[in-house]
Amino acid sequence: AQKITQTQPGMFVQEKEAVTLDCTYDTSDQSYGLFWYKQPSSGEMIFLIYQGSYDEQNATEGRYSLNFQKARKSANLVISASQLGDSAMYFCAMREGGGGSYIPTFGRGTSLIVHP
Amino acid sequence: EAQVTQNPRYLITVTGKKLTVTCSQNMNHEYMSWYRQDPGLGLRQIYYSMNVEVTDKGDVPEGYKVSRKEKRNFPLILESPSPNQTSLYFCASSRHQGRLGEKLFFGSGTQLSVL
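About the criteria used
- Residues numbered from 1 in each chain as written.
- Chains lettered and ligands numbered in written order.
- Predicted model: local features only at pLDDT ≥ 70, side-chain atom pairs only at ≥ 80, totals over all residues.
- Heavy atoms only, no water.
- Helix = DSSP H or I, 4+ residues; strand = E, 2+ residues; numbered from the N terminus.
- Rg over C-alpha atoms; globule rule 2.2 N^0.38 Å.
- Contact = heavy atoms within 4.5 Å.
- Areas by Shrake-Rupley, 256 points an atom, 1.4 Å probe, with all protein chains shown as cover.
- Lys, Arg positive; Asp, Glu negative; His and termini not counted.
- Charge placed at Lys NZ, Arg CZ, Asp CG, Glu CD.
- Salt bridge = Lys/Arg side-chain N within 4 Å of Asp/Glu carboxyl O.
- Buried < 20%, exposed > 50% of the residue type's maximum accessible area, 1.4 Å probe, protein only.
- Polar contact = N/O pair within 3.5 Å; in protein donor to acceptor, adjacent residues only side chain to side chain.
- Pairing = 2+ DSSP bridges.
- Core = buried A, V, L, I, M, F, W, Y, C linked by side-chain atoms within 4.5 Å.
- 1 Å grid on protein atoms, 1.4 Å probe; cavity = no way out; pocket = protein on both sides within 12 Å on 5 of 7 lines; lining within 4 Å.
- Points joined across faces, edges and corners; volume = space filled by probe spheres on them.
- Nonpolar A, V, L, I, M, F, W, Y, C, P; charged D, E, K, R; others polar.

Participant: Just checking my understanding: could you explain the overall build of chain B for this structure?
Facilitator: Looking only at helices and strands, chain B features zero helices and eleven strands. Over its C-alpha atoms chain B spans a radius of gyration of 13 Å, differing by no more than 12% from the 13 Å that the globule rule assigns to 115 residues. In terms of principal-axis extent, the alpha carbons of chain B reach across some 40 × 30 × 30 Å. Pairs at least 24 apart in sequence give 53% of the contacts found in chain B among residues at least 6 apart. When the accessible area of chain B is evaluated, it comes to approximately 5400 Å², of which 50% is carbon and sulfur surface. Each charge sign in chain B was given a centre, from 14 positive and 10 negative side chains, and these centres are 4 Å apart.

Participant: What should I look at first to understand the pattern of salt bridges in this one?
Facilitator: Pairing between side chains becomes possible if they bear opposite charge and their charged atoms approach one another. Scanning all chains against the criterion turns up eight salt bridges over all chains. Two residues, Asp86 of chain A and Arg63 of chain A, come together in a salt bridge whose shortest N-O distance is 2.8 Å. Here Asp86 of chain A is found in the loop between strand E9 (74–79) and strand E10 (88–96), whereas its partner Arg63 of chain A is found in the loop between strand E7 (60–61) and strand E8 (64–69), with 23 residues between them in sequence. When its relative accessible area of 2% is taken as the criterion, Asp86 of chain A is described as buried. Since its relative accessible area comes to 23%, Arg63 of chain A is described here as partly exposed. Measuring nitrogen to oxygen at the nearest pair gives 2.8 Å for the salt bridge that ties Arg36 of chain B to Asp38 of chain B. One exposure class covers both Arg36 of chain B and Asp38 of chain B, and it is buried. A cluster of three or more residues bridged by salt bridges with shared partners is formed by Lys18, Lys65 and Glu79 of chain B.

Participant: How do you make sense of the side chain of Arg95 of chain A when you look at a structure like this?
Facilitator: Relative to the assigned elements, Arg95 of chain A resides in strand E10. Despite its burial, Arg95 of chain A pairs with no opposite charge; the closest candidate is Glu102 of chain B, at 6.2 Å N-O. Engagement of the side chain of Arg95 of chain A in a polar contact is seen with the backbone oxygen of Glu102 of chain B, the distance being 2.4 Å.

Participant: How should I be thinking about the sheet that holds strand E8 (residues 76–78) of chain B in this particular structure?
Facilitator: Residues and elements named next belong to chain B. With antiparallel pairing, four strands are arranged side by side in an open sheet as E1-E3-E8-E7. Every other strand in the sheet has two partners, leaving strand E1 (4–7) and strand E7 (65–66) as the edge strands with one partner each. Direction of pairing for E1 relative to strand E3 (residues 19–25): antiparallel, over a ladder of four bridges. In the strand pairing of E3, Val4 is matched with Gln25.

Participant: Would you explain the nonpolar core in this entry?
Facilitator: Where a protein is soluble and globular, its nonpolar side chains tend to be buried together. Ranked by internal contacts, the top residues of the largest apolar core, which has 25 residues, are Leu21, Tyr25, Trp36, Ile49, Leu77, Tyr90 and Leu112 of chain A. Of all the secondary structure elements, the ones that give two or more residues to this core are strand E2 (10–14), strand E3 (19–21), strand E5 (32–39), strand E6 (46–52), E8, E9, E10 and strand E12 (110–115) of chain A. With four residues, the single largest contributor to this core is E10 of chain A. Contacts of Leu21 of chain A, omitting those with residues within four sequence positions, involve Gln8, Met11, Trp36, Asn76, Leu77, Tyr90, Thr110 and Leu112 of chain A. Formed by 19 residues, the second largest nonpolar core is a distinct cluster that contains Val21, Cys23, Trp34 and Tyr64 of chain B.

Participant: Would you mind going over the layout of surface pockets with me for this structure?
Facilitator: Taken as a whole, the largest pocket holds about 320 Å³ of empty space. When contributions to the lining of the largest pocket are tallied by element, the ones reaching two or more residues are strand E11 (104–106) of chain A together with strand E5 (42–51) of chain B. Looking at the lining of the largest pocket residue by residue, the classes come out as seven nonpolar, four polar and four charged. Here the second largest pocket defines a volume of roughly 150 Å³. As for the second largest pocket, its lining consists of 13 residues, and the residues nearest its centre are Gln39, Ser41, Ser42 and Gly43 of chain A together with Leu88 of chain B.

Right, dumping it as structure tokens:
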């Protein structure tokens, strides 16, 4: 079974609108960390945001926020005021403590296209 | 500048011809890993290393070898490449493997084509 599920292969959003990219995860560990990475067309992988399982507040980094719903095991990325430069692949990833040995696992990604 | 240096950026080879993709990091990171990225499959881990002389298989290790003789270097070796190893490869590193919040630093990727 996949540990990280990204159900949206592709998403479209109008410039300046907000968009939510979905991520659900599967773990039996109490301690885990959730990450989002961006991969623009140039190919590099860019870290965006991190949420720890014990963090009470949702993580925010500029226009990026992570909507963390622990009971539903979801960690959706919210991008506010989309820009053309946000067009990219987005990957959700998880690091599990204990039984997961802290090895990162990735979802299959969501391709986001921002329309002018 | 803190970085993960991966070479070459592009590589075209033929079936069976041994090749090595190099990866080096200058951040004194303990953890290093290799991923391959294929359309619709995301990033799948090939091998990882928690420290010098400590390596372990990821999800898709068949057909690959690695070594970690020095902390900074983690080369990926394809002894006899096959067309199904055509992919985009990433090296990544992070410090303190035993900490949940450590983000990965990625190399710029190697696009490999095996004919």
